[in-house]
Amino acid sequence: MKNIAVIGAGTMGNGIAHTFAQFNYNVQLIDISQASLDRGMATISKNLDRMVIKEKITEEDKARTLGNITTYTSIKEGVQYASLVVEAATENLELKLNIFRELDEVCPDDTILATNTSSISITEIAAVTNRPDMVIGMHFMNPVPIMKLVEIIRGYNTSDEVMNFTVELSKEIRKIPVEVNDYPGFVANRILMPMINESIETLYNGVAGVKEIDTVMKLGMAHPMGPLQLADFIGLDVCLSILNVMYDGFKNPKYAPCPLLVNMVMAGKLGVKSGEGFYDYSESRKAENVSKQFS
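Numbering of residues starts from 1 in each chain and follows the order in which that chain's sequence is written. Given that the model is predicted, a residue must reach a pLDDT of at least 70 before its local features are reported, and side-chain atom pairs must reach 80 or more before they are shown or counted; all residues, however, enter totals for whole chains, interfaces and linings. In computing side-chain values, all of the structure's heavy atoms are included and hydrogens and water are not.

**Student:** Would you take a moment to explain the packing of helix α8 (residues 188-204) against helix α9 (residues 210-221) for this structure?
**Tutor:** For any two helices packed against each other, the geometry comes down to the angle between their axes and how far apart the axes lie. α9 packs onto α8 with a crossing angle of 140° between their chain directions and a minimal axis gap of 10 Å. Judged on the interaxial angle alone, α9 and α8 are oblique. Read as a crossing pair, α8 and α9 show a hand that is right-handed. Residues Met195, Ser199, Thr202 and Leu203 of α8 form the contact with α9, whose participating residues are Val210, Ile213 and Met217. Nonpolar residues are Ala, Val, Leu, Ile, Met, Phe, Trp, Tyr, Cys and Pro. Charged residues are Asp, Glu, Lys and Arg, and all others, Gly as well, are polar. Along the lines of polarity and charge, the residues of the contact of α8 with α9 split into five nonpolar, two polar and no charged. The axes used here are C-alpha line fits, helices contributing only the stretch in contact, and every angle between their N-to-C directions lies in the interval 0 to 180 degrees. Helix numbers and strand numbers start at the N terminus; a helix is a DSSP run of H or I with at least 4 residues, a strand a run of E with at least 2. Angles below 35 degrees are treated as roughly parallel, those above 145 as roughly antiparallel, those between 65 and 115 as roughly perpendicular, and all remaining angles as oblique. Crossings are sorted by hand: turned counterclockwise from the far helix by less than a right angle, the near helix makes the crossing left-handed, and turned clockwise it makes it right-handed. It only takes one pair of heavy atoms within 4.5 Å for two residues to be counted as in contact.

**Student:** Sorry, what's going on with the UniProt feature "domain: 3-hydroxyacyl-CoA dehydrogenase NAD binding" (unreviewed entry) in the chain here?
**Tutor:** UniProt positions are given in the numbering used here, feature names are shortened, and annotations may be inferred rather than shown by experiment. Mapped onto this numbering, the UniProt entry gives "domain: 3-hydroxyacyl-CoA dehydrogenase NAD binding" (unreviewed entry) at residues 3-182. End C-alpha atoms of residues 3-182 are separated by 27 Å, and the span's content is 43% helix alongside 22% strand.

**Student:** Is there a simple way to explain a positive patch on the surface in this structure?
**Tutor:** Exposure above 30% relative accessible area and the lack of any salt bridge qualify a residue for a patch; like charges then connect within 9 Å, and the nonpolar side chains Val, Leu, Ile, Met, Phe, Trp and Tyr within 5 Å. Note on areas: these come from Shrake-Rupley sampling with a 1.4 Å probe, and a residue is covered only by the protein chains present in the view. The salt bridge definition used is simple: a Lys or Arg side-chain nitrogen within 4 Å of an Asp or Glu carboxyl oxygen. Residues scored as charged are limited to Lys and Arg (positive) and Asp and Glu (negative), so that His and the chain ends carry no count. Charge coordinates come from a single atom per side chain, which is NZ of Lys, CZ of Arg, CG of Asp or CD of Glu. Together, Lys46, Arg50, Lys54, Lys56, Lys148 and Arg174 give the surface a local cluster of positive charge. Its place among the elements puts Lys54 in the loop between α2 (34-53) and α3 (59-67).

**Student:** What is the right way to look at the sheet that holds strand β6 (residues 135-140) in this model?
**Tutor:** Within a beta sheet, neighbouring strands are joined by backbone hydrogen bonds and run either parallel or antiparallel to one another. What makes two strands pair is DSSP finding at least two bridges between them. Here we have eight strands laid out as an open sheet, ordered β3-β2-β1-β4-β5-β6-β7-β8, and mixed in their pairing. Across the chains shown, the open sheet's two edge strands, defined by having one partner strand only, are β3 (69-72) and β8 (176-181). If you compare each strand with its neighbour and ignore which way they point, the axes differ by 25° on average. Note: strand β5 (residues 112-115) against β6, three bridges, orientation parallel.

**Student:** Explain the UniProt feature "domain: 3-hydroxyacyl-CoA dehydrogenase C-terminal" (unreviewed entry) in the chain to me, please; I cannot follow it from the model alone.
**Tutor:** As recorded in UniProt, the sites labelled "domain: 3-hydroxyacyl-CoA dehydrogenase C-terminal" (unreviewed entry) are residues 185-281. In residues 185-281, the share of helix is 62% and the share of strand is 2%. The end C-alpha atoms are 28 Å apart.

**Student:** Which parts of the structure should I look at to understand the side chain of Thr19?
**Tutor:** Locating Thr19 in the fold gives a position in helix α1 (residues 11-22). A relative accessible area of 4% means that Thr19 is categorised as buried. Excluding anything up to four places from it in sequence, Thr19 contacts Val144, Pro145, Ile173 and Lys175. We call a residue buried when its accessible area falls under 20% of the maximum for its residue type, exposed when it is over 50%, and partly exposed in between, using a 1.4 Å probe and counting protein chains only.

**Student:** Help me understand the nonpolar core, please; the structure alone is not making it clear to me.
**Tutor:** When a protein is soluble and globular, its nonpolar side chains tend to lie buried together. Ile16, Phe20, Leu29, Leu84, Val86, Met138 and Phe140 are the most contacted members of the largest nonpolar core, which has 36 residues in total. Among the elements that line this core, the one with the most residues is α2, at six residues. Those residues in contact with Phe20, other than ones at most four positions away along the chain, are Ile4, Tyr25, Val27, Leu84, Phe140, Leu169 and Ile173. What is meant by a nonpolar core is a set of buried Ala, Val, Leu, Ile, Met, Phe, Trp, Tyr and Cys residues, joined one to another through side-chain atoms within 4.5 Å. Formed by 24 residues, the second largest nonpolar core is a distinct cluster that contains Leu228, Leu243, Cys258 and Phe278.

**Student:** Please clarify how the side chain of Glu91 should be interpreted in this entry.
**Tutor:** With respect to the helices and strands, the residue Glu91 is situated in the loop between β4 (84-87) and α5 (93-106). Within 3.5 Å is the distance limit for a polar contact, defined as a pair of N or O atoms, with the added protein rule that one can donate a hydrogen and the other accept it, and that residues adjacent in sequence qualify only through two side-chain atoms. In terms of polar contacts, Glu91 uses its side chain to reach the side chain of Thr117, at 2.7 Å. For Glu91, the side chain forms a polar contact with the main-chain nitrogen of Ser119, separated by 3.1 Å. If sequence neighbours within four positions are ignored, Glu91 has contacts with Lys96, Thr117, Ser118, Ser119, Ile120 and Ser241.

**Student:** Teacher, can you tell me more about the pattern of salt bridges here?
**Tutor:** Here the idea is simple: oppositely charged side chains can pair when their charged atoms come close. Applying the stated criterion to the full structure yields nine salt bridges. Between Glu91 and Lys96 there is a salt bridge, with the nearest N and O atoms lying 3.7 Å from each other. Each member of the pair, Glu91 as well as Lys96, carries the same accessibility label: buried.

**Student:** Is there a simple way to think about the packing of aromatic side chains in this case?
**Tutor:** Aromatic ring pairs: the centre-centre distance and the angle between the two ring planes describe each pair. Only Phe, Tyr and Trp rings take part, Trp by its six-membered ring, and two of them pair if their centres are within 6.5 Å. Stacked means planes under 30 degrees apart, edge-to-face means over 60, and tilted covers everything else. Here the structure, examined in full by the defined rule, presents three aromatic pairs. Arranged with centres 5.5 Å apart and planes meeting at 90°, the rings of Phe20 and Tyr25 form a pair that is edge-to-face. The exposure classification of Phe20 matches that of Tyr25, with both residues buried. Aromatic side chains Phe233 and Tyr281 sit 6.1 Å apart centroid to centroid with 85° between the ring planes, which places their arrangement in the edge-to-face category. Of this pair, Phe233 sits in helix α10 (residues 227-234) while Tyr281 sits in the loop between β9 (279-280) and β10 (288-289), and the two are 48 residues apart along the sequence. The class of Tyr281 is buried, set by a relative accessible area of 14%.

Given below as C-alpha cells:
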C-alpha cells in the first residue's frame, strides 16, 4: 500500500499529505480549488524548510517529500489508485456525506475510507456508503507533522481488519494511535471543548480578561497554550461546530456553546484564520488582547 489520497488542502489536509509523503508514500492531494492546492503545497514547502533549518531532514529529504505529492482538482482522478483515502474537508456534516457518497462510487472496491473529522459520527458518515465496514476515523492533531497522537475511531460497522490496519499504518508514519469508540467529540474534543467553552464563559461573565485566563491555565496547570489562544488557533467556528455536535448528540446543557462564542463566530471573528478572535493577529497588533471590555 503506497498510494494515499487526501481530500482537502487546508491546514489539516496539507499536514496529513506532508506526513505520509515524508514517509515515502505516494500522496494524491485533492481539492476543488487550484488556489487552495497551491497554498497547501507552499505551506508544506515552508514547513519542510523549517525542518531543514533545524537539521531534522536534509534538502534531499525535502525534495523527495515534495516529489511524492501530486495535486488534483478532481476526486475521481485523484483516488483511482488509492488504497486509503483520508478526508480532511471542512467540519460540515452535509459536505462530508456528499464527499463519502462520491468516494464510494469512484474508489476501487478495496479502498479504505477514513475521515479526519474531530467530532462527527463515523457511523453516520459510513451509512451513506456501500462499504460501512471499511469506513474509519483518523483524527490527526494539529500541526500534523509534529503532533504524535492520532485518534482511531471505530464506527458501528468498522471491521477489525480495517481497525488493525489503520492502527499499524499510523505507527508506520511514527504516530501514536489510540483506539476510541464513536461517540460525539470522541475523547480529545469531549474533554477539550468543554474546557474551552468554560473559559469563554469565564470571560463572558467578567471573572477575568483574556490574558488573565490564559495565564492562569499556562502557569497554574502547565498548559503550553492558554485555552482562549488555543481556541483562536483551532478556529472559533470549528470550536462552535464541535460543541454543537456534542450538544445535539448528548442533549446535555453542559455542552451548550457560550453566547459569546456564538456571537463572535456570527461576527466573523474566527481566530487566527480571520486575523482576529480573542487576540488580534494583524501585523500592527499581533497577539494583542482585543477583548479589553471583559477585563
